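# Structural features, examined
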Amino acid sequence: MDKMMDSPWVLRIIALFLACLLFFSVRTELASTDKTAMTEQVEVIRDVPVEVYYDDDSLIVTGIPKTVNVTVRGPKQLALQAKLVKDFSVFINLNDLLIGEHSVELQYENISDKLKVTLDPATVKVNIEEKVTQEFRVDPEMNNRLIDEGYYLKGMSANPATVFVTGAKSAIESISYVKATVTGEQGLRQSFSQEAAVKVLDRDLNKLDVMIEPEKVKVRVDIAEYSKELPVTIKETGKAADDITINRLTLITNSLKVYGKKSIIDVLTSLPVEVDLSKITESKTYEFDVKLPEGATKVSEQKIKIKADVTKAEKVEEEKKETITIPEEPNPDPVTEDDVDS
C-alpha cells in the first residue's frame, strides 16, 4: 500500500479525482444559487397608509405615522403582485389599551405567507388621550406695514367670531392663540373683507395638531384715513370799521378733524381760522373758510361759523340823546287884588 502511495501516477489519479469532484460541487452550488436568484425577488413598497382602530368618538391618539414602508422578499411573481396591486393593509389595533403611553407593534394582513415582510417602522410609541372640544374666540390679525402712510387700521372682526377646536386634552389646555391672518398688497387704503384660515398655536407659537370647525372665517378689515381733532382758534386780520365796536367773537364749533400723514398731523396743536374784521358789520353769525394746514389732505369742515357781538357808534349817540331831559320853567304866581292895589 505504501508503495502504491509512493507511485506518482497514483497521486496524479487521486488529484484528478478530487479536482473533478470539486468542479462538479461548485457547479452544482452555482446552479442552485442562479435558480434561487431567478425565482426570489425583493420589493420595497413605500408610503403605505396605516389604519388605526380605536374609539375615535371619545379618544385621541398621537404618535402614529401616517404611512410606513413595507419590504417584501420571496417569489418574484408574488413580490411583484404585492407591489403593484397593494391589496394588503397595515394597521394598529388600540381597542384594548387604556389612556396613556404605549409601545405598539404594527401589523399587516392579506400578504402571502410565502413572502417575508419587514415594516419600517415596525414599532411606534403612541399616546392615548381623552378627546376634548372647546369653543375659542378668533383674533384676526394683519401686518400694519401693509397700510399706506396717512391711513390706519380702524378695526378687524371675524365672522363667525368663534370656532370649535377638538383635540387631545393636553393640546387643548396648551392653546394660547387662535388667529386668522389676513394678507394683502402694500399700500392699503380701503376697507375690505377676506377669507382666512384659522390657526391654533401654543404660547411658543407652535402650530397644534387639532381639528378646527370651521377651518376658515371671513375677516372684515376697516381702514380709515388718519386724523386728529384739533381745537379751533381765531386769528384776527384786517380792521373793523370806525363806527363798529366788536365786543365778542364766539366759535360755534370749537374743534375740527384734520386728515393726513401721521408724521405731519401729530405735530399740529391747533387749527387757526382767519377772521377778517372788516367784514363784520353787525351782530350775527358769519362763515369763514378753514385754511388747510400744509401737508394735510382735508379737514372735517371747509367752513366754520362764528357769532359776532357788535355795537355801532350811531346807536350809542341815539341812546345818549334819549337819556337827556330838559327841565320845565316854573309857572309865575297868580296876580291878586292886593298886588294890583299896591
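Residues numbered from 1 in each chain as written. Predicted model: local features only at pLDDT ≥ 70, side-chain atom pairs only at ≥ 80, totals over all residues. Heavy atoms only, no water.

### Points about the overall build of the protein chain
Keep this limit in mind: Here a helix means four or more residues in a row that DSSP labels H or I, a strand means two or more in a row labelled E, and each is numbered from the N terminus. Only protein chains enter the calculation, and the probe is 1.4 Å; a residue is then buried if its accessible area is under 20% of its type maximum, exposed if over 50%, and partly exposed in between. The contact rule is simple, with two residues in contact once any of their heavy atoms fall within 4.5 Å. Throughout, the Shrake-Rupley method with a 1.4 Å probe supplies accessible areas, and for residues the shown protein chains are the sole cover considered.
Counting secondary structure elements, the protein chain contains seven helices and 22 strands. The burial tally for the protein chain puts 27% of its 342 residues in the buried class. Sequence-distant contacts in the protein chain: of pairs separated by 6 or more residues, those separated by 24 or more amount to 71%. Of the roughly 24,400 Å² of accessible surface on the protein chain, 50% is carried by carbon and sulfur atoms.

### Here's the deal with the pattern of salt bridges
Note the following rule: By definition here, a salt bridge exists when the distance from a side-chain nitrogen of Lys or Arg to a carboxyl oxygen of Asp or Glu is within 4 Å.
Enumeration according to the criterion identifies ten salt bridges in this entry. The residue aspartate 148 makes a salt bridge to arginine 189 at a minimum N-O spacing of 2.6 Å. Of this pair, aspartate 148 sits in the loop between β9 (139–142) and β10 (151–159) while arginine 189 is found in the loop between β12 (177–182) and β13 (192–201), placing the two residues 41 residues apart along the sequence. Its relative accessible area of 49% is what places arginine 189 among the partly exposed residues.

### A closer look at the sheet that holds strand β1 (residues 40–53)
Cut-off, in case you're wondering: A pair of strands is considered paired only if DSSP assigns at least 2 bridges between the two. Lines fitted to C-alpha atoms define the axes here, with helix axes fitted over just the stretch in contact, and angles between the N-to-C directions of these axes take values from 0 to 180 degrees.
Spatial strand order, β6-β4-β1-β3-β7: five strands in an open sheet with mixed pairing. Either end of the sheet is taken by a strand with one partner, and the two such strands are β6 (107–109) and β7 (116–120). Sheet twist, expressed as the average angle between the axes of neighbouring strands with direction ignored, equals 35 degrees. Note: strand β4 (residues 89–93) against β6, three bridges, orientation antiparallel.

### Observations regarding the packing of aromatic side chains
Two aromatic rings are characterised by how far apart their centres lie and by the angle between their planes. Heads up, the condition is: Pairs were defined over the aromatic rings of Phe, Tyr and Trp, the Trp ring being its six-membered one, requiring ring centres within 6.5 Å. Orientation was assigned from the angle between planes: stacked under 30 degrees, edge-to-face over 60, tilted for the rest.
For the coordinates displayed, the defined rule picks out three aromatic pairs. Ring geometry for tyrosine 152 against tyrosine 226: centres 6.2 Å apart, planes inclined by 90 degrees, an arrangement best described as edge-to-face. Of this pair, tyrosine 152 sits in strand β10 while tyrosine 226 sits in the loop between β15 (216–225) and β16 (227–237), and the two are 74 residues apart along the sequence. For tyrosine 152, a relative accessible area of 33% translates into the label partly exposed. Measuring from ring centre to ring centre gives 6.4 Å for tyrosine 286 and phenylalanine 288, while their planes differ by 35 degrees; the resulting arrangement is tilted.

### What to know about the sheet that holds β16
Strands in a sheet are paired, the pairing made by backbone hydrogen bonds, and the direction either parallel or antiparallel. Pairing is mixed in the open sheet, where four strands are placed in the order β19-β16-β18-β21. Strands at the two margins of the open sheet, each flanked by one partner only, are β19 (271–276) and β21 (296–299). The sheet shows a mean angle of 40 degrees between the axes of neighbouring strands, taken without regard to direction. Across five bridges, the pairing between β16 and strand β18 (residues 255–260) is antiparallel. Among the inter-strand pairings, lysine 228 is bridged to a residue of β18, identified as valine 258.

### So, the confidence of the model for the protein chain
Here is the rule we go by: Summary of the metric used: pLDDT quantifies the predictor's per-residue confidence within the range 0 to 100.
This prediction gives the protein chain a mean pLDDT of 85; 84% of its residues lie at or above 70. Here residues 31–37 scores under 50 on pLDDT; set against residues more than four positions off or in separate chains, the count is zero contacts. Under a pLDDT of 50 for its full length, residues 335–342 has, in the predicted model, two contacts with residues more than four places off or in other chains.

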